[in-house]
Structures are given as structure tokens and as C-alpha cells.
Amino acid sequence: MIHINEALQQFHLSNGQISYIFHVMKNGQLGHLYAGKALRHREDFTYFQSYENPAPSTTHVFEKDHSFSLETVRQEFPVHGKGDFREAASIIVDEQGEFVSDFVFDSFEVIKGKPKLKGLPATFAEKEKVDTLKITLVDRESSVVADLTYSIFTDLPVLTRSVKVSNNGHQPAKIERLMSTTLDLPDADYEMLHLSGAWGRERHVKVRKLEQGIQSIGSLRGASSHQHNPFLVLQREDTTEHQGEAFGWQLVYSGNFLAQAEVDHYETTRVSMGIQPTGFQWLLQPGESFQAPESVLSYTNEGLNGLSQSLHDLQRKHLINPSWMEKERPVLINNWEATYFDFNEEKLDEFVTEASKLGVELFVLDDGWFGNRNDDTTSLGDWFVDESKLPRGIGELSKSVKAKGLQFGLWFEPEMISPESNLIKKHPDWVIGSLKRANTFGRNQRVLDFANPEVVSYLYERMSSIIEEADLDYIKWDMNRYITEPYAASVENQGEFFHRYITGVYELYDRLTSNYPNVLFESCAGGGGRFDLGMMYYAPQAWTSDDTDAAERLKIQYGTSLGYPLSSMGSHVSAVPNHQTLRSTPLKFRGDVAYFGTFGYELDPSQLQEEEKEEVKDQIRFFTKHRSLIQQGDFYRLKSPFRGLATAWMVVSEDKTKALVGWYQPMNQPNPSAHRILKLKGLNEGFEYKVNGRNNHFGDELMERGLTLPTEFNGANPGAERGGAFQSLVYELERNKAKKMND
Ligand code: GLA
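These figures come from a predicted structure and were not determined experimentally.

Draft legend 1. Representation of the nonpolar core within the structure. Judged by nonpolar contacts, the single largest core of 192 residues is most densely connected at Leu 365 and Trp 369. When sequence neighbours within four positions are dropped, the list of residues in contact with Trp 369 reads Phe 343, Trp 383, Phe 384, Val 385, Asp 386, Leu 390, Ile 394, Leu 410, Trp 411, Phe 412 and Ile 466.

Next comes the structure, spelled out in C-alpha cells:
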């Protein structure tokens with residue numbers, strides 16, 4: 001997959017789906033030649049970057065060579081201060097304060113497989129499924145070395161990149177900026193798509209046209225954040241869900257990040273993604289190295305669905321904990337919205353008894369089981385059972401849950417500490433915060449110094465002892481506030497704090513998941529405030545949003561699916577009126593939305609009416625019947641909630657014999673359009689499908705002509721098959737094995 005022309009110093013990575021080509025330029029730095037659809041290999045791609053007639057012209061030529069200027073060439077690892085006025089991949093400051101570097105090619109190495117990134121989550125694959133090219137660049141003046149690694153997978157149009165900077169010189173060096181990836185594209189005819197929002201409305205789809213200047217998203221919050229997601233797409237103006245070109249980037253990182261597209265005065269585009277430079281500064285003493293997180297680049301010419309499917313496959317096959325790649329995720333019930341902090345053993349016993357009758361598989365006891373926590377002002381850090389609520393202890397509670405046939409899971413918020421807690425009395429120095437200024441609170445709590453290995457070890461000891469005592473099957477790991485006054489006593493150079501914090505979080509995750517591989521972790525940060533590939537490496541599912549309103553969830557789940565698979569999205573049916581919007585929607589609507597994720601409930605089953613209980617049983621039966629299709633199938637978005645009244649999506653099994661189609665219309669309108677057809681995708685044209693066990697249609701009919709939706713009430717037809725707000729339909733398609741086209 002890696003072609004190297006040593007004489008011309010050209011590198012072509014290709015797997016038949018994508019090509020990525022670069023070379024050593026005449027000044028010794030790396031020049032970018034091409035990224036996109038796979039190209040046939042040829043010996044010489046030099047003409048992709050012509051020096052002869054630098055067009056357009058520039059006055060800032062390289063060392064008097066009028067045919068060459070860094071201002072106009074496309075590069076792989078652009079530096080600051082050498083004639084390229086766009087933002088650089090790296091800025092490294094020497095002892096005298098000079099921040100110009102000149103990284104030139106030194107050597108390369110081809111590696112079968114993909115080496116791990118020390119201390120950081122990253123994608124992986126068996127040796128035969130991925131090849132890695134390591135390019136070593138050196139700044140000869142300072143002897144600082146940059147190792148760029150590129151890995152290409154055999155089975156996906158995906159290339160990952162990362163960079164490690166090592167100080168091989170004799171003076172300290174400070175990294176002020178280090179992007180995990182940059183890509184210089186030859187034009188700017190793109191729209192930038194990103195997933196942005198806020199608490200309760202995470203990952204809404206935003207699209208804007210690229211213009212000259214920098215358009216960026218990022219986080220300064222100590223977490224990837226609700227506001228912006230470390231995911232960026234550049235798509236052509238005519239790209240749709242089903243056709244057209246798009247590049248997608250993701251960062252395997254959960255801390256402060258930056259993702260940006262810079263369009264210069266010659267209408268070329270530089271995309272950069274990496275650790276957020278604001279507030280970041282890493283001191284490298286002679287002999288030390290810094291590893292930047294991994295970035296993922298995917299290319300498609302099959303529209304956004306094509307892009308998403310590659311990313312979903314990458315995450316499901318090459319990122320999540322292998323123990324959960326094939327395993328079906330349990331249908332869970334969580335007591336948070338049902339009880340909040342107000343529960344005791346009897347209440348939970350009734351809750352679990354009712355849940356077990358409904359067919360629920362896992363009970364998750366949320367916040368409030370530890371310390372003395374009856375509201376959110378106290379006890380974080382005191383991970384000892386609250387005996388006033390659970391006098392027989394957590395082990396006994398777990399036993400009684402398991403005796404009822406359910407698995408048992410618990411909520412933790414390991415990174416936090418309450419000002420009212422025993423832990424803070426014992427270890428005031430374990431808390432992050434300014435020593436001189438007043439500190440800001442978030443949800444009445446402070447943040448523990450995860451940059452301090454002692455803190456991480458303490459939490460490991462506490463959590464593992466509870467995992468063992470309660471024989472836990474599942475942990476919901478929450479993080480409910482952002483980081484302010486980022487000062488930690490354990491850190492020498494405070495510019496390193498944010499990164500050291502998140503690698504401390506990874507360290508705890510790593511120890512727990514390695515020692516308890518069968519515990520399913522679900523990450524959470526006030527809902528979806530840390531929905532990223534860094535977290536997903538350890539926790540294969542994430543609580544998508546605290547907003548469980550099904551109408552709102554259409555947008556959140558639709559947006560999230562752009563970058564992340566259904567198997568990663570915690571999606572639950574909750575009680576009505578909904579706790580976030582006070583909106584009441586039918587149980588059917590709530591279920592039909594929640595099926596497309598890791599399904600569960602967020603309500604008190606003992607409060608359900610008899611007929612609702614029957615409906616819930618049916619929902620669980622329906623979901624478990626289709627669970628592997630939902631978790632492993634190819635997902636297609638059909639209609640966007642950001643564009644019209646209806647939302648639709650579907651999931652198709654790999655062998656195309658089964659599919660589920662979800663159609664939703666939260667609000668109806670009088671005298672609606674006569675258009676009642678939904679065109680499906682991804683089926684086999686020649687297979688005949690039974691739709692809801694009845695009508696037979698060939699795949700081509702369903703995709704080209706479409707599925708007929710039932711008639712809608714229009715103010716005059718009382719016989720209409722549907723009407724009113726919150727309509728939803730889920731169609732089951734199954735191949736009618738008896739028949740094939742032309743039979
Ligand atoms: C966060 C989570 C909720 C719940 C509460 C408990 O808000 O997102 O699901 O666990 O914390 O305090």
C-alpha cells in the first residue's frame with residue numbers, strides 16, 4: 001500500500017480506495033501532492049506541484065530561488081516564519097525565543113502494522129490490515145526531530161496521521177503549537193460541515209461556505225465539549241447524503257482541540273486539526289519527546305453517507321475495545337430521571353422487579369449511591385456506599401439485582417470532587433484551581449488533578465474495589481463540569497496541564513478496561529460533552545445527550561451519526577412530560593427514535609400503566625430481535641430534521657437481507673403535500689423484500705420508486721392512516737428468500 005520512489009523522494013499511500021501523495025521539495029521540506037480518490041501509481045507525480053512557473057507570483061521567494069516560495073506551495077508539515085503566512089503545523093521556540101524552524105526530510109521507515117501511541121488512544125488493526133509510513137524530519141539548527149506517521153488501512157478509505165516531536169539537541173525547546181494533521185487542498189470550493197450546539201442540543205449539523213480567512217471550531221473547556229465536536233467535513237457544494245465528494249477529519253482526543261480551514265488569498269485551503277494551541281505549551285528538555293494525538297482522514301465520493309459509513313466501520317473494527325466489537329449491548333434502565341437522588345433499597349427493589357418483568361437486561365444505578373449525596377452539592381470523591389440509602393451495601397444490592405436476572409451497573413464521576421467531601425479534607429492539594437484568585441464552580445463542584453498520578457491511583461483503587469464488591473457489569477463515567485482556573489500543583493509547566501489532565505483520564509480508563517475487560521463503559525459528560533474517539537477507544541458507548549425528548553433526539557442522533565455509529569449512541573425512552581422540554585410525545589414515537597442506538601429506558605417502570613407495560617415489552621422484543629442489525633449494519637440518513645418536517649433513516653445488514661427504516665414527523669401541517677414516497681438506499685436491487693412481513697417489493701422498486709407512506713390526515717379525509725403530531729413508522733424489511741428477480 002506504500003509506494004516509494006527513493007530517487008525522486010516521493011511517497012504514495014494507496015489502498016485502491018484513496019491515494020495520499022507527498023514528496024520532498026527542493027528546500028528539503030515535505031510538499032503535499034494529492035489526497036483523494038485512489039490514483040493508479042506512476043513513477044513520478046512531480047507535475048502535481050510545478051515549480052517552473054510559480055503561479056500566482058509571490059515576492060517571498062525561498063533563498064533567492066524565484067521559482068520557489070513557501071507562500072504558494074502545498075505542504076505536509078508547514079512551519080511558521082519561513083515565508084508561508086498561513087497557520088503552521090508546529091511552532092517550536094528555542095531558548096533565545098526564536099520560533100522559526102525548518103523541518104527537512106531526514107529518513108523514512110515502512111512498518112507493517114501500526115505501532116501504538118504511547119499514553120494515547122488510537123486506532124489499531126492486525127498487521128495484515130494496516131501499513132505505516134514513518135517520515136523523520138529534522139530541524140538541523142536545533143536538532144529537534146519530528147516523526148510523522150501515516151497509517152493506511154486495507155479495508156477502508158481512511159488514513160491516520162500523528163506526529164511525535166523529540167528534542168535531540170542540547171537546549172530546551174518549547175512546543176507552542178503542534179497540529180496532528182494539516183492538509184493543503186488546491187482549491188477552496190468547499191462547504192465546511194461541523195457538529196456544534198450546547199448542552200441538551202449537542203451535535204446539530206452546521207454548514208457554511210468556505211471563505212478567505214480562517215473558519216474554525218474548537219474547545220478551551222478541558223473536554224472536547226457540547227459546543228463543538230472534534231469532527232470536521234469539507235464537502236463540495238453539490239455533495240448530498242448520497243453522492244459527491246467529501247473529506248472528513250476526526251481527532252482521537254477528548255481534551256482541548258482546534259479544527260480549522262484556512263483559505264488563503266490564492267483560494268487554496270489548509271485544514272489543520274490538533275491540540276488547541278491556546279493555553280498549551282510543552283517544555284521539551286534535551287532527550288524528551290512529545291506525542292500528539294492521532295487524527296483520522298477519510299475521503300469519499302459517495303456523499304456524506306459514504307463518509308459516515310467508513311468512519312463507523314473504522315470505529316467499530318479498529319477503535320473500540322475488542323471485547324465489545326461483536327458483543328450485543330444490553331437493554332438498560334437507568335434510575336436518574338425516575339428518582340434523581342431520592343431512592344432507597346425498597347424503592348430500587350420495586351424498580352428492578354418491574355424492570356425485570358419488562359425484559360430489561362441491565363439496571364444502572366445513577367448518581368446518589370455514595371457519600372451523603374442527596375443533592376449535587378456534596379460527596380463527589382467519597383466513593384463509599386451511602387448506608388443510609390443502601391444499608392446492606394452495594395454488594396448485596398448487586399446480588400439482589402442479579403437474582404432478578406438483570407446485570408448491574410453504577411454511575412461514577414471520578415474526575416470530580418465536592419467542596420463538601422471527606423476527600424477534599426484529606427487531600428486539599430488534589431484539587432485544580434488558582435492559589436491566588438477566587439475559583440469558579442460548575443454544578444457546585446471542583447475538578448480533581450488528574451495530572452497527578454497519585455490521584456489516578458487513588459481513583460483506580462476506589463473504583464476497582466467497588467467493581468469487585470458489586471461484580472459490576474457496566475459503568476457510566478460522567479464528567480459534569482468544564483475546567484476553569486487550570487492550575488495544578490503537580491504540574492511544573494502549567495501550559496502542559498490540560499494535556500496531562502486528559503492523559504491522566506486515559507490512564508485510569510486504561511487500567512480499568514485492561515483489568516476489567518468485561519465491564520461495559522459508557523462515557524458521559526453532562527450528556528454528550530465528551531463524545532469523541534478518545535473516549536470511544538475505552539468506552540464503546542456514550543450518553544448522547546441529557547436531552548431525552550424524542551423530537552429533539554432526532555436532530556441530535558442525526559447529527560451524531562455523521563461521525564459516529566449507532567452502536568456508540570446511548571438512546572433511551574424517557575417519561576413524559578419530558579424532563580428537558582416538558583413536551584409529551586407518544587411512547588411509540590419515543591421508542592421508534594430510541595431504537596436507533598444502544599437502547600434503554602430512563603423512567604420508573606412502576607409508574608407505567610398496564611398497556612404501557614405491554615408496549616414496553618413489545619419494544620424490547622422488537623429491539624432485541626433487530627439488535628445486531630442496528631449495531632453492526634450500514635446506516636443511511638434519508639431525510640434531515642434540519643431541512644424539513646420529516647426525518648428518515650435506515651440501517652441495512654451487511655449481506656443486505658435485512659433492513660429497518662425509521663420515518664418520523666414531529667409536527668404535522670394542514671393540507672400537506674401529496675408526496676408520500678420515501679426512497680430507500682443500500683438494498684440489493686435484485687432481492688425481493690417483505691415489508692413488515694407482508695408486501696413484497698424488489699430492492700430496485702424500493703430504492704428507485706420508493707416506499708409508499710400511509711395517507712396523512714389533511715383536514716378532510718377522516719379515513720387517513722396517520723395524523724397528528726409525533727408520527728413515526730418503523731418498517732422491517734426482510735429478504736423473501738423464496739424469490740429472486742428473474743425467477
Ligand atoms: C449528568 C448526566 C445525567 C446524570 C446526572 C447525574 O447530568 O448526564 O445522565 O447521570 O449527571 O448527576
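Draft legend 2. Local environment of the site of the ligand. Contacts to the ligand come from 13 residues, most closely from Asp 366, Asp 367, Arg 443, Lys 476 and Asp 546. A distance of 2.8 Å separates an oxygen atom of the ligand from a polar side-chain atom of Arg 443. Residue Asp 478 places a side-chain N or O atom 2.9 Å away from an oxygen atom belonging to the ligand. Alone, the ligand offers 310 Å² of accessible surface; in the complex the protein occludes 95% of this. Partitioning the shell around the ligand into residue classes produces 4 nonpolar, 3 polar and 6 charged.

Draft legend 3. The sheet that holds strand β1 (residues 2–5), seen in detail. Spatially, 4 strands are ordered β1-β2-β3-β4 in an open sheet, and the strand pairing comes out antiparallel. The open sheet terminates on both sides in strands that have one partner only, identified here as β1 and β4 (30–37). Neighbour-to-neighbour, the strand axes of this sheet turn through a mean angle of 10 degrees, independent of strand direction. In the sheet, β1 pairs with strand β2 (residues 10–14) via 4 bridges, with the strands oriented antiparallel. Bridge pairing links Asn 5 to Gln 10 in β2.

Draft legend 4. Representation of the domain arrangement of the protein. In terms of domain boundaries, the protein breaks down into domain 1 (2–318), domain 2 (322–632) and domain 3 (647–740). Contacts between domain 2 and domain 3 engage 20 residues on the former and 18 residues on the latter. Across the domain 2/domain 3 interface, buried area totals approximately 1,600 Å², and carbon plus sulfur atoms make up 78% of it. Contact with domain 3 buries surface across domain 2, with Leu 554, Phe 596 and Leu 629 losing the most and accounting together for 39% of the total. Along the contact surface separating domain 2 from domain 3 lie 1 salt bridge. Residue Glu 732 pairs with Lys 625 through a salt bridge whose shortest N-O separation is 2.8 Å. At the junction of domain 2 and domain 3, the tally comes to 5 residue pairs in polar contact (both at pLDDT 80 or more). Of all the secondary-structure elements, those providing two or more residues to the side of domain 2 that touches domain 3 are α9 (550–561), α10 (587–594) and α11 (610–632). Top element by residues in the side of domain 2 that touches domain 3 is α11. It accounts for 5 residues. Residues of the side of domain 2 that touches domain 3, tallied by class, amount to 12 nonpolar, 4 polar and 4 charged.

Draft legend 5. Structural context of the layout of surface pockets. Approximately 1,200 Å³ is the volume found for the largest pocket. Lining the largest pocket we find 50 residues, and of these Leu 117, Lys 118, Gly 119, Leu 120 and Gln 291 sit closest to its centre. Elements with a minimum of two residues in the lining of the largest pocket: β7 (130–139), β8 (144–153), β9 (158–167), β18 (282–284), β19 (289–291), α6 (453–470), α7 (497–515) and α8 (533–538). The element that contributes the greatest number of residues to the lining of the largest pocket is α7, accounting for 8 residues. Per-class residue counts for the lining of the largest pocket are 19 nonpolar, 16 polar and 15 charged. When we break the lining of the largest pocket down by domain, the ones giving at least three residues each are domain 1 (2–318) and domain 2 (322–632). As a volume, the second largest pocket reaches approximately 830 Å³. In terms of lining, the second largest pocket is formed by 35 residues, of which the most central are Lys 639, Ser 640, Arg 643, Gly 644 and Ala 646. Of all the secondary-structure elements, those providing two or more residues to the lining of the second largest pocket are β11 (191–198), β12 (201–209), β31 (634–639) and β33 (658–665).

Draft legend 6. Structural view of the packing of α9 against α10. Here α9 crosses α10 at 15 degrees, and the two axes come no closer than 9 Å. By the criterion of interaxial angle, the relationship of α9 to α10 is roughly parallel. Crossing handedness for the pair α9 and α10: left-handed. Contact residues: α9 offers Ala 550, Ala 551, Arg 553, Leu 554 and Gln 557, while α10 offers Phe 589, Arg 590 and Val 593. Looking at side-chain class alone, the contact of α9 with α10 contains 5 nonpolar, 1 polar and 2 charged residues.

Draft legend 7. Representation of helix α1 (residues 303–318). Taking 1.5 Å as the rise per residue, α1 with 16 residues should run 22 Å; its terminal C-alpha atoms sit 22 Å apart, in good agreement. Burial within α1 is extensive, with 15 of its 16 residues counted as buried.

Draft legend 8. Main features of the pairing of β11. For β11, the buried fraction is high: 7 of the 8 residues fall into the buried class. As defined by bridge partners, β11 adjoins β12 across 7 bridges and the pair is classed as antiparallel. Along β12, the bridge assignment pairs Leu 195 with Val 205. The antiparallel hairpin formed by β11 and β12 contains 2 residues in its connecting segment, where Gly 200 sits at a positive phi of about 80 degrees. Bridging between β11 and strand β14 (residues 228–235) involves 5 bridges; their strand directions are antiparallel.

Draft legend 9. Structural detail: the pattern of salt bridges. Under the counting rule described, the total for this entry stands at 43 salt bridges. Between Glu 245 and Arg 236 there is a salt bridge, and its shortest N-O distance comes to 3.0 Å. Owing to a relative accessible area of 26%, Glu 245 belongs among the partly exposed residues under this scheme. Look at Arg 236 and you get buried, because its relative accessible area is 18%. Salt bridges linked by common partners bring Asp 84, Arg 86, Asp 184 and Arg 270 together as one network.

Draft legend 10. A look at empty space enclosed by the protein. Enumeration according to the criterion identifies 7 cavities of 30 Å³ or more in this entry. One number sums up the size of the largest cavity: a volume of about 60 Å³. In terms of lining residues, the largest cavity is bounded by Tyr 253, Asn 256, Ile 275, Gln 276, Thr 278, Gly 279, Phe 280, Gly 495, Phe 498 and His 499. Shared between two domains, the lining of the largest cavity takes at least three residues from each, and those domains are domain 1 (2–318) and domain 2 (322–632).

Cut-offs applied
- Residues numbered from 1 in each chain as written.
- Predicted model: local features only at pLDDT ≥ 70, side-chain atom pairs only at ≥ 80, totals over all residues.
- Heavy atoms only, no water.
- Core = buried A, V, L, I, M, F, W, Y, C linked by side-chain atoms within 4.5 Å.
- Buried < 20%, exposed > 50% of the residue type's maximum accessible area, 1.4 Å probe, protein only.
- Contact = heavy atoms within 4.5 Å.
- Near = heavy atom within 4 Å.
- Polar contact = N/O pair within 3.5 Å; in protein donor to acceptor, adjacent residues only side chain to side chain.
- Areas by Shrake-Rupley, 256 points an atom, 1.4 Å probe, with all protein chains shown as cover.
- Nonpolar A, V, L, I, M, F, W, Y, C, P; charged D, E, K, R; others polar.
- Pairing = 2+ DSSP bridges.
- Helix = DSSP H or I, 4+ residues; strand = E, 2+ residues; numbered from the N terminus.
- Axes fitted to C-alpha atoms, helices over the stretch in contact; angles between N-to-C directions.
- Domains from an automatic or database assignment.
- Buried area = accessible area lost by both parts, 1.4 Å probe.
- Salt bridge = Lys/Arg side-chain N within 4 Å of Asp/Glu carboxyl O.
- 1 Å grid on protein atoms, 1.4 Å probe; cavity = no way out; pocket = protein on both sides within 12 Å on 5 of 7 lines; lining within 4 Å.
- Points joined across faces, edges and corners; volume = space filled by probe spheres on them.
- Parallel < 35°, antiparallel > 145°, perpendicular 65-115°, else oblique.
- Left-handed = near helix turned anticlockwise from the far one by under 90°.
- Expected span 1.5 Å × (residues − 1).

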